[in-house]
Amino acid sequence: MTIPPHDLELPYDLDASAVRRFDEDGFVKLPGVLDAKTIAAYEPEITSKVIELNTQHLPLEERDTYGKAFLQVTNLWRHSDPVREFAFSQRLARIAAELLGVEGVRLYHDQALYKEPGGGITPWHADQYYWPLAGDRTVTVWIPLQETPAEMGPLSFAAGSHRFEYGRDLPISEESERALRQALAERDFPHVGTPYRLGEVSYHLGWTFHHAPPNRSSIPRRVMTVIYMDADITVARPANDHQANDLRAWLPGAEVGAVPDTPLNPVLYRAGGGA
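Summary of the structure given here. Predicted model, so just to flag it, every value in this text is computed and none were measured.

The rules we used
Residues numbered from 1 in each chain as written. Predicted model: local features only at pLDDT ≥ 70, side-chain atom pairs only at ≥ 80, totals over all residues. Heavy atoms only, no water. Helix = DSSP H or I, 4+ residues; strand = E, 2+ residues; numbered from the N terminus. Rg over C-alpha atoms; globule rule 2.2 N^0.38 Å. Buried < 20%, exposed > 50% of the residue type's maximum accessible area, 1.4 Å probe, protein only. Contact = heavy atoms within 4.5 Å. Phe/Tyr/Trp six-rings, centres within 6.5 Å; stacked < 30°, edge-to-face > 60°. Salt bridge = Lys/Arg side-chain N within 4 Å of Asp/Glu carboxyl O.

Observations concerning the overall build of the protein
Here is step 1: Scanning the protein for helices and strands turns up seven helices and eleven strands.
Here is step 2: Rg of the C-alpha trace for the protein: 17 Å, near the compact-globule value of 19 Å for 275 residues, within the 12% margin.
Here is step 3: When its C-alpha atoms are laid out on the principal axes, the protein stretches across 45 × 40 × 40 Å.
Here is step 4: By residue count, 57% of the 275 residues in the protein fall in the buried class.
Here is step 5: When contacts within the protein are restricted to residue pairs at least 6 apart in sequence, long-range pairs at least 24 apart make up 84% of them.

Next up, the structure:
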């Protein structure tokens, strides 16, 4: 099954002010990146694969803090041609490359994050704690598949925190929530958490600290993400067990010091040459 690509392959007019805000704040929210028809076309398939591939079956009250935060399913693109079309979007990948200031980007992995009704907080954390990569040219696009008002738990950021090195050794947990909430407040990093309109997405750097409130609505908060890395980034020696696990799972066969040019990490965009 193939879905008409709508705007997934068309360039997005990324202005200089957005790139500047991204560099200064470590994240940027961009309006109108995807139109309503595109989201309506792909959301049912993404949701179907989340339901099919989800392995979390404990009731919310029996889960730990991480388990209460969301249902997490990775590399959906390997299980669905339509999801592959979505995750491999030239439009989304080109924005990532232009924000990072690199010639091209390759895939780290995709990831659906569905916060159920009653789902708890997503604790403060920085994603790159988990990634065995030698460089900071990494970025995640966060794509809500519905309007996301405050009560649904939209992603929130500590503006400028990508330059704050405290807490980079903390996995996502109750401890990271307590320690980072206090440290970020003490340093007066602006806390930016606003609703997402349909078609609005955000991009955040791997070292930008972020979190999300609970989902107090009666419907799931459905979000698709894609993680990009500089197409020429190299693998670093894992600094913790999580990075060692990621190296095996998401960069299979890649060697320390080498570009992770594996079947799971294709180049999704390169200036002048497409993917």
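Now, onward.
Examining the packing of aromatic side chains
Here is step 1: If you walk through the whole model with that rule in mind, you get eight aromatic pairs.
Here is step 2: Ring plane angle 50 degrees and centroid distance 5.5 Å describe the contact between Tyr42 and Phe86, whose orientation is recorded as tilted. Placement of the pair is Tyr42 in helix α2 (residues 36–53) and Phe86 in helix α4 (residues 81–87), with a sequence separation of 44 residues. Taken as a pair, Tyr42 and Phe86 share a single burial class, namely buried.
Here is step 3: Both rings, one in Tyr129 and one in Tyr130, keep their centres 4.9 Å apart while their planes meet at 90 degrees; by these two values the pair is edge-to-face.
Here is step 4: The exposure class of Tyr130 is buried, given its relative accessible area of 18%.

What about the pattern of salt bridges?
Here is step 1: Counted by the stated rule, this structure contains ten salt bridges.
Here is step 2: Glu43 serves as the salt-bridge partner of Arg222, at 3.0 Å between the closest nitrogen and oxygen. Linking Arg222 in strand β10 (residues 221–230) with Glu43 in helix α2, this pair joins segments that are 179 residues apart in sequence.
Here is step 3: Residue Asp261 is joined to Arg106 by a salt bridge in which the shortest nitrogen-to-oxygen separation is 3.5 Å. Taken together, the residues span a long stretch of sequence, with Asp261 in the loop between α7 (241–250) and β11 (267–270) and Arg106 in strand β3 (residues 104–115) at a distance of 155 residues.
Here is step 4: On the accessibility criterion, Arg106 (4% relative accessible area) is buried.
Here is step 5: What emerges from the salt-bridge pattern is a single network uniting Glu103, Asp232 and Arg270.

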